[in-house]
Amino acid sequence: MTTDHCVRVLGCAGAIAAGRRTTSFLVGRHLLVDAGTGVGELTLDELCAVDHVVLTHSHLDHIAALPLMADSVLKLRHQRGQPPVSVHALPQTLAALQQHVFNNVIWPDFTRLPSLDRPVICLQPLQVGDRLTLAGYTIEALPASHTVPAVGYAIWPGDAATHACWVFTGDTGPNPRLWDTLSRHRVAQLVIETAFQDADHELAQKSQHLHPQALLHELQRLRSPAQIYITHMKPGDAGAVEQDMLRLGLRHKVTLLQGGECIPLGA
Ligand SMILES: [Zn+2]
Ligand SMILES: [Zn+2]
């Protein structure tokens, strides 16, 4: 399989442990969706090839590797004459990055380094519903319902009119606006979070995440036949989540996403 129309799962866990990395997907070679600790799977050359990063929200498990990645590629991208890495996200997410990460306390302000006129990263605001063309892919920001402003993404390997899309929900609790939006799209693959087991449903509700029972309810609104993957399970919780899904009869149609997997885009 060529990497050009493939989503490489760099990390899909809700936290870390040996062999478990947090959310990040490499789409083709030049586009990264979220920048959790999974980014550490990339070689320096692969890191340098990333021209665009789209972020779902500001939580650490989705942005932790972004400041480190900026440091890794600063010199090489400059030497190679590459433009700044564009980081696309909601304005609130970008403001949080600027205020809490690139603030010269937690980390240097890489939006001004190595120089103000040619920094290594530049921040690009987007809004829910926006459609962008990045690295040859069409990307739409989808609604999400989380404890901080958040989005998901639909990605088409080219023109949205002629291809089916790959969808990542990002972190979200129950999200009727997502299903309304997806009813207008042909969804080939859906990567949907299920962060908690059913026994932790109160915690899931409080932190605006899904658990298998809530997932079952959500999937009833998915109209087009899609391949479904679940993501964002805590290390150590996968067995309990799988048991919950077996009990609900969900297991036959839902795959537990694994780090290292490559999903063909828009098949
Ligand atoms: Zn989150
Ligand atoms: Zn998360």
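Predicted, not measured: the structure shown is a model, and the values here were computed from it.

Rules used throughout
Every residue gets a number counted from 1 within its own chain, in the order that chain's sequence is written. Whichever chain is written first is A, and whichever ligand is written first is 1; the rest continue in order. Totals for whole chains, interfaces and linings use all residues, but because this is a predicted model, local features are given only for residues with pLDDT of at least 70 and pairs of side-chain atoms are given and counted only at 80 or more. In computing side-chain properties, one takes all heavy atoms of the structure into account and sets aside hydrogens as well as water. The secondary structure listing takes helices from DSSP runs of H or I that are at least 4 residues long and strands from runs of E that are at least 2 residues long, numbered from the N terminus. Throughout, a residue-residue contact means that at least one pair of heavy atoms, one from each residue, lies within 4.5 Å. In this analysis a donor is any N, O or S atom within 2.8 Å of a metal ion (3.2 Å for sodium, potassium and calcium), and since water is not included, sites may seem incomplete. When four donors show all angles between 85 and 135 degrees the site is tetrahedral, when four or six donors have opposite pairs over 155 degrees and all other angles between 65 and 115 it is square planar or octahedral respectively, and in every other case it is irregular. By definition, two strands form a pair when at least two bridges between them are found by DSSP. Note on method: axes are straight lines fitted to C-alpha atoms, helices fitted across the in-contact stretch only, with angles between N-to-C directions ranging 0 to 180 degrees.

A. Quick look at the environment of Val9. You can see Val9 is positioned in strand 1 (residues 6-11). In this structure the C-alpha to C-alpha distance between Val9 and Ser224, which are 215 residues apart in sequence, comes to 23 Å. Sequence-distant contacts of Val9, that is, excluding residues within four places in its chain, are made with Ser24, Phe25, Leu257, Gln258, Gly259, Gly260, Glu261 and Ile263.

B. Layout of the coordination of the zinc ion (ligand 1). Every protein donor of the zinc ion (ligand 1) is accounted for by His57 (NE2), His59 (ND1), His146 (NE2) and Asp171 (OD), and the metal-donor separations fall at 2.2 to 2.3 Å. Given four donor atoms and angles of 89 to 165 degrees at the metal, the environment of the zinc ion (ligand 1) is assigned as irregular. Written as a sequence motif, the donor residues of the zinc ion (ligand 1) are H-x1-H-x86-H-x24-D. The metal-metal distance between the zinc ion (ligand 1) and the zinc ion (ligand 2) comes to 3.5 Å, with Asp171 coordinating both.

C. Broad picture of the sheet that holds strand 2 (residues 24-27). Read across the sheet, seven strands follow the order 6-5-4-3-2-1-14 without closing on themselves; strand pairing throughout is mixed. Bordering the open sheet on either side are strand 6 (121-125) and strand 14 (262-264), each of which pairs with just one other strand. Each adjacent strand pair in this sheet contributes to an overall mean axis angle of 25 degrees, direction not counted.

D. The arrangement of the sheet that holds strand 9 (residues 151-156) in detail. Overall, mixed pairing links the seven strands, which are arranged 7-8-9-10-11-12-13 in an open sheet. Each having just a single partner strand, strand 7 (131-134) and strand 13 (254-256) make up the two edges of the open sheet. Averaged over all adjacent pairs, the angle separating strand axes in this sheet is 25 degrees, with direction ignored. Pairing of strand 9 with strand 10 (residues 165-168) involves three bridges; the strand directions are antiparallel. Paired with Tyr153 across the bridge in strand 10 is Phe168. Running at roughly 150 degrees to strand 11 (residues 187-193), helix 7 (residues 212-219) makes contact with strand 11, strand 12 (227-231) and strand 13 of the sheet. Running at roughly 170 degrees to strand 13, helix 8 (residues 238-248) makes contact with strand 12 and strand 13 of the sheet.

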